[in-house]
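Fold and contact review
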Amino acid sequence: KSIALAVVGTKSLGEGANICAAHVDSPRLDIKPNPLYEDSEISYLKTHYYGGIKKYQWTTIPLALHGVVYRADGAVVTVTIGEDEGDPILMVSDLLPHLAADQMQKPAGKIIEGEQLNVILGSEPLEGDGSDLVKLHIMKLLNEKYGLVESDFLSAELTVVPAGRCREAGLDRSLLRAEIEVVPAYKCRDVGFDRALLGAYGHDDRVDAYPALMAEIETKNPAFTTVCVLTDKEEIGSVGISGMQSHYFEHFMEGLCDAQGVKLSDCFANSFCLSADVSNAFDPNWPETCDKRNNSQLNYGVAICKYTGSRGKGGASDASAEAMGHVRSTLDKAGVIWQIATLGKVDQGGGGTVAKYVANQDIDTIDIGVPVLSMHSPFEIVSKADVYMAYLTFKAFCEDAE
């Protein structure tokens, strides 16, 4: 869910901490509490999409099932189907073009409805007489592999994410789906003949979270205490006990401060936080959505975003000039290549990060991260050079003594 790590510095926490906060959740399909059903002798899972997605992008791509189930007998079962080479994959079907005349007249947000994101599980019935024999066959397979019964879905947290390659579809493997060349794949792949770009599911925001984690792990004897927070639920507003709107980060820092006899409020007032989240890379296919002068671009380094929000800066933390100056000087001293970023044209739309929730704790906070093409799609694209600059950024802040 969420992880908080710290390397205690030589200076008192009363002088502040250098904090890096990234989120580790990504848009996906979550399984409903009563998900399993059969229709026309095909078994499905009902889903509820998580985060901002274009629903039509999630049909006809290979999907994998991940999660944890708390069984009635108290056992905890980890479920992973669709990642190993020998696994079947799952998928959501779409309407063939020959019959899609009415569908194609709908706006993009309605081409696929949320309730149509039903994941195919299988089509082979259990031997015998009765109804829902395909569903019963699927439950038999799940019981044999994981010891699950249908009611166990009520205490499960299962998600569906992209998987890859030409694979059998359905848990019973009776359906076949051939993957063509350019489709989402669960493994990170080089993109382009020059291999300068990386494509994968979940770059937002793992492409910042991983470099931040590595920088924290590699930090030794810093002047200021360094803190790395990898948080959950950002894609749905940072809510719940594992989101940045809860008090878990405050409790973590309070424990560190109590050990030094320091007031938490004094620590926060003197701390600085990098809200490590991705920005949208300029896409020349849709230049009308962005102000190119102020938009991040691939291969131009890590992107500093003074404010996010939408239209009139709604929901933005809006970093101060002093915060911008501190970031600039720190990165310049470390030889980090950086650029400025804003999220699209003023009235085009917008978005948010965890920055405002950290800033609400009286912590100077600024957004900084890797530019991404096709953000929130099942297969996002980043620059290798930009990812490396992100790592150097977090490393520089962990080692910052000023």
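Position numbers for residues count from 1 along each chain, tracking the sequence in the order it is written. Thresholds applied to this predicted model are a pLDDT of at least 70 for local features of residues and 80 or more for the giving and counting of side-chain atom pairs; totals over whole chains, interfaces and linings are not thresholded and use all residues. Calculated side-chain values reflect all of the structure's heavy atoms, with hydrogen atoms and water omitted.

1. Some details on the sheet that holds strand β12 (residues 197-200)
Which entries qualify depends on this criterion: Two strands are counted as paired when DSSP detects at least two bridges linking them. Starting at the N terminus, helices and strands are each numbered in turn, a helix being any DSSP run of H or I of at least four residues and a strand any DSSP run of E of at least two. Fitting a line to C-alpha atoms yields each axis, with helices limited to the stretch in contact; the angle taken between N-to-C directions then spans 0 to 180 degrees. In this analysis, two residues are considered to be in contact whenever any of their non-hydrogen atoms come within 4.5 Å of each other.
Sheet architecture is open: three strands sit in the order β11-β12-β22, paired in antiparallel fashion. Every other strand in the sheet has two partners, leaving β11 (189-191) and β22 (380-383) as the edge strands with one partner each. Ignoring which end each strand starts from, the neighbouring axes of this sheet average 40° apart. Bridge count between β11 and β12: three bridges; the pairing is antiparallel. If you follow Asp-190 over to β12, its bridge partner there is Leu-198. Its contacts with the sheet place helix α3 (residues 203-218) against β12 and β22, and it is angled at close to 35° to β22.

2. Some details on the packing of aromatic side chains
Put simply, the rule reads: Working definition: a ring pair exists when centres of Phe, Tyr or Trp rings (six-membered ring for Trp) sit within 6.5 Å. Plane angles under 30 degrees give stacked, over 60 give edge-to-face, the rest tilted. Charge-over-ring contacts are defined here by two conditions on Lys NZ or Arg CZ: a distance within 6 Å of the ring centre and an angle within 35 degrees of the ring normal.
All chains considered together, the criterion is met by five aromatic pairs. Seen from the ring of Tyr-50, Arg-28 lies directly overhead, with NZ or CZ sitting 3.7 Å from the centre.

3. A closer look at the sheet that holds strand β5 (residues 63-70)
On the basis of which strands lie adjacent, the open sheet formed by six strands has the order β6-β5-β8-β3-β4-β7 and antiparallel pairing. The sheet terminates laterally at β6 (76-81) and β7 (119-122), the two strands that pair on one side only. On average, adjacent strands in this sheet sit at an angle of 30° to one another, irrespective of strand direction. In the packing of helix α2 (residues 133-146) onto the sheet, contacts are made with β3 (28-39), β4 (42-50), β6 and β7, and the angle to β3 comes to roughly 125°.

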